[in-house]
Amino acid sequence: MFSGSDTGIGHALAKHLDSLGFVVFAGVLNKDGPGAAELRRSCSQRLSVLQLDITNTTQVKEAYLAVSEKVQNAGLWGVVNNAGILGFPADGELLPMSTYRHCMEVNFFGAVEVSKTFLPLLRKSQGRLVNMSSMAGGIPLPRYAAYGASKAALSMFSGVMRQELSKWGIKVMAIHPSGFRTGIEGTAEQWDRQEKELMENLPADTRQAYGDEYLLGLRNYLLHLPSHCAPDLSPVLGSVLHALLARRPQGLYTPGKGAYAPLCIFCCFPLWFYDFF
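Every value quoted in this text rests on a predicted model; they were computed, and no experiment measured them. (Residues numbered from 1 in each chain as written. Predicted model: local features only at pLDDT ≥ 70, side-chain atom pairs only at ≥ 80, totals over all residues. Heavy atoms only, no water.)

Participant: An account of the packing of aromatic side chains is requested, with residue identities and associated values reported.
Facilitator: Under the criterion given, the structure shown has eight aromatic pairs. Seen from their ring centres, F266 and Y274 are 5.1 Å apart, and the 70° between their planes marks the pair as edge-to-face. Ring pairing ties together the aromatic residues F108, F109 and F157, which thus form one cluster. Seen from the ring of W168, R123 lies directly overhead, with NZ or CZ sitting 4.4 Å from the centre. (Phe/Tyr/Trp six-rings, centres within 6.5 Å; stacked < 30°, edge-to-face > 60°. Lys NZ or Arg CZ within 6 Å of the ring centre and 35° of its normal.)

Pasting the structure below:
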């Protein structure tokens, strides 16, 4: 069962596992949207599209009941918490509290609720729980205070659950990809709305301290962000597939160029060196 299957990694994974013959439950934010329509058109009848806004408790429960009805006593082999949002990338002082709350609501609380809800089905099959975190959830990265904090919370949750659920044979993995083009970047309209909220709520002294030139540069950073992200999702897909199918999966995966080296520097070197790096 995947959340966030409208676009990006969740969409690609749902298609790939369906092509391999798996029974797939693809949770989407909009069951009438283009992503859901594409899954219905291109995938087999084994794939079920589920309406699943992970911040909506009712939809999470309804998805659980729908999956339970189909799998019966066999249980569910894997849950992949893939749904997430990026939020406007800006300095932590500049971000409005609504951005922090929204990131936590989707990236952390939503994933936790899905995990807790579906654990009875995973326990039946001694299955897998895979949480899609980020390299920003393992190391501090400038301009990602809200996003990174929510993903760090998800990574810590994964680690604790890995320890606690091992007694039932459930394996829990966290994925820390580097930058990939997944659709999480959002639309121009979404960025315009978030940028407007940021600027309108900025105190005058804070705006003066940063300067208008720097603030305008945030939009340029955002516009160039996709050019720094890899278009090929195969390293992430490979990691998730290994986490789901390997006899001995890793507790942490770091797919993508540049995901592992900064983590090593952060863990093994003095903090001043990492900050300089």
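Participant: Please set out the nonpolar core residue by residue, giving values where relevant.
Facilitator: With 29 residues, the main nonpolar core has M1, V67, L76, V79 and F118 as its most contacted residues. Broken down by secondary-structure element, the contributors of at least two residues to this core are α3 (57-71), α4 (97-125) and α5 (145-165). At nine residues, the largest contribution of residues to this core is made by α4. Beyond its immediate chain neighbours, meaning those up to four positions away, M1 contacts F25, L52, V67, L76, G78, V79, V80, V114 and F118. Of all hydrophobic cores here, the second largest spans 25 residues; its members include F2, V236, V240 and L241. (Core = buried A, V, L, I, M, F, W, Y, C linked by side-chain atoms within 4.5 Å. Buried < 20%, exposed > 50% of the residue type's maximum accessible area, 1.4 Å probe, protein only. Helix = DSSP H or I, 4+ residues; strand = E, 2+ residues; numbered from the N terminus. Contact = heavy atoms within 4.5 Å.)

Participant: Which residues make up the sheet that holds strand β4 (residues 128-132), and what values go with them?
Facilitator: With parallel pairing, the four strands of this open sheet are ordered in space as β3-β4-β5-β6. For this open sheet the edge positions go to β3 (78-81) and β6 (252-253), each flanked by a neighbour on one side alone. Across the sheet, α5 lies against β4 and β5 (171-175), angled at about 160° from β5, the strand it touches most. Relative to β4, helix α9 (residues 234-245) is tilted by about 155°, and along the sheet it contacts β3, β4, β5 and β6. (Pairing = 2+ DSSP bridges. Axes fitted to C-alpha atoms, helices over the stretch in contact; angles between N-to-C directions.)

Participant: So what's going on with the pairing of β3? Which residues, and what values?
Facilitator: The side chains of a regular strand alternate between the sheet's two faces. Residues of β3 alternate between two faces, with G78 and V80 on one and V79 and N81 on the opposite face, all of them buried. In terms of strand pairing, β3 meets β4 through four bridges, oriented parallel. Of the residues in β4, the one forming a bridge with V80 is V130.

Participant: How would you sum up the side chain of T99? Please name residues and give values.
Facilitator: As for its placement among the helices and strands, T99 is situated in helix α4. Here T99 falls in the buried class, since its relative accessible area comes to 9%. Filtering out sequence-adjacent residues up to four positions away, T99 remains in contact with G87, F88 and A146.

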